[in-house]
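# Chains, contacts and geometry: an overview
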Amino acid sequence: MAEWWRKGVIYQVYPRSYLDNNADGIGDLAGIVQKLDYIASLGVDGIWLSPFFKSPMKDFGYDISDYLSVDPMFGTLDDFKRLLDEAHRRNLKIIIDQVWAHTADQHSWFQESRSAKESPKADWYIWKDAKPDGTPPNNWLAVFGGPAWAWDSRRQQYYLHHYLPSQPALNLHNPEVREAIFAIAKFWLDMGVDGFRLDTLHHYLCDPEFKDNPPRRPDQPMPNDIPAANPKSRQYRAYCCADPGTLDLINDIRALVDQYPDRMLLAEVGGEDNEALACNYVQTDKRMHLAYTFGLMQQKFDKQLVVDTVSHVESMIKDGWLCWATGNHDNQRVVSRWPHKNVAPADFARFAMALGVSLRGTFCMYQGEELGLPEAEVPFEMMQDPYGIAFYPEYRGRDGCRTPMPWIKNLKHAGFSEADKTWLPVTQPYHTLAADTQETKAESMLNFTRRLLAWRKENPSIHLGSIAFLDTPDHVIGYVRELDNRRIACYFNAHEEDAILTVAGLLDPISNLAH
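Small disclaimer: the values here were computed from a predicted structure and weren't measured.

### Quick word on the overall build of the protein
The number of helices and strands found in the protein is 15 helices and 18 strands. Relative to a compact globule of 515 residues, whose C-alpha radius of gyration would be 24 Å, the protein shows 23 Å and is just as compact. Dimensions of the protein along its principal axes, counting C-alpha atoms only, are 75 × 50 × 50 Å. The buried share among the 515 residues of the protein stands at 61%.

### Describing the pairing of strand E15 (residues 362–366)
With 5 of 5 residues buried, E15 lies mostly within the body of the structure. Residues of E15 alternate between two faces, with Thr362, Cys364 and Tyr366 on one and Phe363 and Met365 on the opposite face, all of them buried. Bridge count between strand E1 (residues 9–13) and E15: 4 bridges; the pairing is parallel. Within E15, the residue paired with valine 9 across the bridge is phenylalanine 363. Tracing the backbone out of strand E14 (residues 323–325), into helix H10 (residues 345–358) and back to the parallel element E15 gives a crossover that is right-handed.

### Observations concerning the packing of aromatic side chains
Taken as a whole, this structure holds 37 aromatic pairs when the rule is applied. A ring pair is formed by tyrosine 11 and tyrosine 18, whose centres lie 6.2 Å apart and whose planes are at 75 degrees; its orientation type is edge-to-face. Its relative accessible area of 0% is what places tyrosine 18 among the buried residues. Taken together, the ring pairs connect Phe301, Trp338, Phe348, Phe351, Phe469, Tyr479 and Phe492 into an aromatic cluster. Cation over ring: arginine 6 sits above tryptophan 321, and NZ or CZ is 5.0 Å from the ring centre. In this structure, arginine 16 packs its charged tip against the face of tryptophan 423, placed 4.2 Å from the ring centre.

### Concerning the environment of glutamate 112
In this fold, glutamate 112 is placed in helix H5 (residues 108–115). With 12 residues separating them in the primary sequence, glutamate 112 and tryptophan 124 have C-alpha atoms 9.3 Å apart. Apart from the residues within four sequence positions on either side, glutamate 112 is in contact with Ser119, Pro120 and Lys121.

### Things to note about unusual backbone geometry
The peptide bond linking tyrosine 392 to proline 393 adopts the cis configuration, its omega dihedral lying at 5 degrees. Residue position: proline 393 is located in the loop between helix H11 (386–391) and helix H12 (428–432). Residues other than glycine seldom take positive phi values, yet histidine 475 does so here, at roughly 75 degrees. Its location among the elements puts histidine 475 in the loop between strand E16 (466–469) and strand E17 (476–483). Phi at asparagine 485 takes a positive value of approximately 65 degrees, unusual for a residue other than glycine.

Analysis parameters
Residues numbered from 1 in each chain as written. Predicted model: local features only at pLDDT ≥ 70, side-chain atom pairs only at ≥ 80, totals over all residues. Heavy atoms only, no water. Helix = DSSP H or I, 4+ residues; strand = E, 2+ residues; numbered from the N terminus. Rg over C-alpha atoms; globule rule 2.2 N^0.38 Å. Buried < 20%, exposed > 50% of the residue type's maximum accessible area, 1.4 Å probe, protein only. Pairing = 2+ DSSP bridges. Right-handed = clockwise from strand over helix to strand, strands pointing away. Phe/Tyr/Trp six-rings, centres within 6.5 Å; stacked < 30°, edge-to-face > 60°. Lys NZ or Arg CZ within 6 Å of the ring centre and 35° of its normal. Contact = heavy atoms within 4.5 Å.

Shown next, in the form of structure tokens:
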């Protein structure tokens, strides 16, 4: 029997924005419990929860100060245990984020590490002396802007941070640090979680010699995980991430998780040619079970992007398995990335969902994609994301895809919260797409998604079969999924104009998903 994750669809929940149970304007674990029946009704197999751990929230939970505690903003450890139990009662798996590339600077590990060069945890983070002129050790840049090094006056050294200065990078070359994160993994696995999503896996290890990154040559493609407005895109990330030693660490993590039956590892993989890197990180019986990349999250979602990205993966994946995603909490919502403005957003929402679900691999759906939510317009004075604030207006950050879920059209904040103000606004277009308005309409995006996921479950060719692209006219994407001589042809018109397609042979329509 194939592993559940290989056949499944994973639903990402961003807890801050799902449902507010205690009227403080921020979503919480109790709110997610209230919506488990809704999630189960979609036909998904598991839930990936973004971080809910104790944190100063400078990067909204991806800066953890205590890996074993729930932040009071989201509830308590008992609330999480109830969520876990209630999800399992509905046959839903729970996958939780693990942020092991860095911690918050408020974590006790870092506080001890920075206290003195002779402290017991002195080598738990990446510290380097300044150059003779006082400048940072090398030219590496942080994703959120500026140098990837911050000066600490206590140690009189620089420490590495790939994101905010308040997110110091852990030294995962250190065996003691590895043992510490393995203990964290065991804590949650013993509690019963079904797997981990490993945040920014490509940043686990960097070049131990700390060589400068070279400038990006004209023949090297621009990165797909960093906006062009970011000066970091001008460097080719040869040394700041994806060190070859990462494979050994991945295998150690896999060996730990394999001690627990039916668990899985889903990795986020960025960096240069992250499709190639992800394929290297996922192989059967070793390394990661799954990885997702940024290939289908690009600004221009068209035929060439899909064919090139999927073909690139298929040429390298071997016996590994990829998780496809067209959006998440870090990227502009897919509905707003359609280049053809004469196509109704609802039609493109169906296009993107059907494409993602029918590709070879697991599919990860971000909350709200089942409603066809567009990117929300968040004015600068209401922005929260430090990434967007730093690069505004050329890059508006991640707030627009993180605004709260709309549940009930005619309630304040679309039923997300009873608070006077929510942490990000619920924009008016979201009210019209609220879940309650879509429940009773057979043609709604919500019910289309339910039919689509049921169709996927009924067809092993889709969730386990091979994939082969077809020779199709301009703008038409066509491929065949095949398993045990059962062939399903999938066609998508990636243009605003109608396309006429002539298909040789007999077609047996297996389902009518449109209505």
